[in-house]
Amino acid sequence: MKNNELQLLSAALRTIGGDFDIPTLDLILNVLEAVKTKGEAISIGDVKGISAQIAKKYELDKTKDQ
């Protein structure tokens with residue numbers, strides 16, 4: 001999903017009380033696509049890999065908050 005679409009989705013969800021940032025929405029939607037593709041064969045490693053890609057994409061560093 002394009003960044004502009006993610007921003008619009010985030011804004012739309014905020015109007016009904018949802019508070020999802022862009023990286024979280026991107027992660028959710030990417031995991032959903034993997035579930036659609038792999039079904040029950042999806043693994044924790046698959047999800048972890050997607051999470052790492054999203055963290056790299058948005059330059060998220062877990063050590064910044066520590």
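What this report covers is the structure whose coordinates are included nearby. Bear in mind the structure is a predicted one, so any value in this text is a computation, not a measurement. (Residues numbered from 1 in each chain as written. Predicted model: local features only at pLDDT ≥ 70, side-chain atom pairs only at ≥ 80, totals over all residues. Heavy atoms only, no water.)

### With respect to helix α1 (residues 3-15)
(1) Moving on: A rise of 1.5 Å per residue sets the reference length of α1, with its 13 residues, at 18 Å; its end C-alpha atoms lie 19 Å apart and thus fit the reference within 8%.
(2) Moving on: With its phi angle positive at about 95°, G17 sits one or two positions after the end of α1. (Helix = DSSP H or I, 4+ residues; strand = E, 2+ residues; numbered from the N terminus. Expected span 1.5 Å × (residues − 1).)

### Let's talk about the pattern of salt bridges
(1) Moving on: Applying the stated criterion to the full structure yields 3 salt bridges.
(2) Moving on: In this structure, D26 engages K57 in a salt bridge whose closest nitrogen and oxygen atoms are separated by 2.8 Å. In this pair, D26 sits in helix α2 (residues 22-38) while K57 sits in helix α3 (residues 44-57), placing the two residues 31 residues apart along the sequence.
(3) Moving on: Given the relative accessible area of 2%, D26 is considered buried.
(4) Moving on: The shortest N-O distance in the salt bridge between K36 and E33 comes to 3.7 Å. Of the two residues, K36 and E33 both sit in helix α2, 3 residues apart, roughly one turn of that helix.
(5) Moving on: Judged by its relative accessible area of 58%, K36 falls in the exposed class.
(6) Moving on: Under the relative-accessibility criterion, E33 is labelled partly exposed at 43%. (Salt bridge = Lys/Arg side-chain N within 4 Å of Asp/Glu carboxyl O. Buried < 20%, exposed > 50% of the residue type's maximum accessible area, 1.4 Å probe, protein only.)

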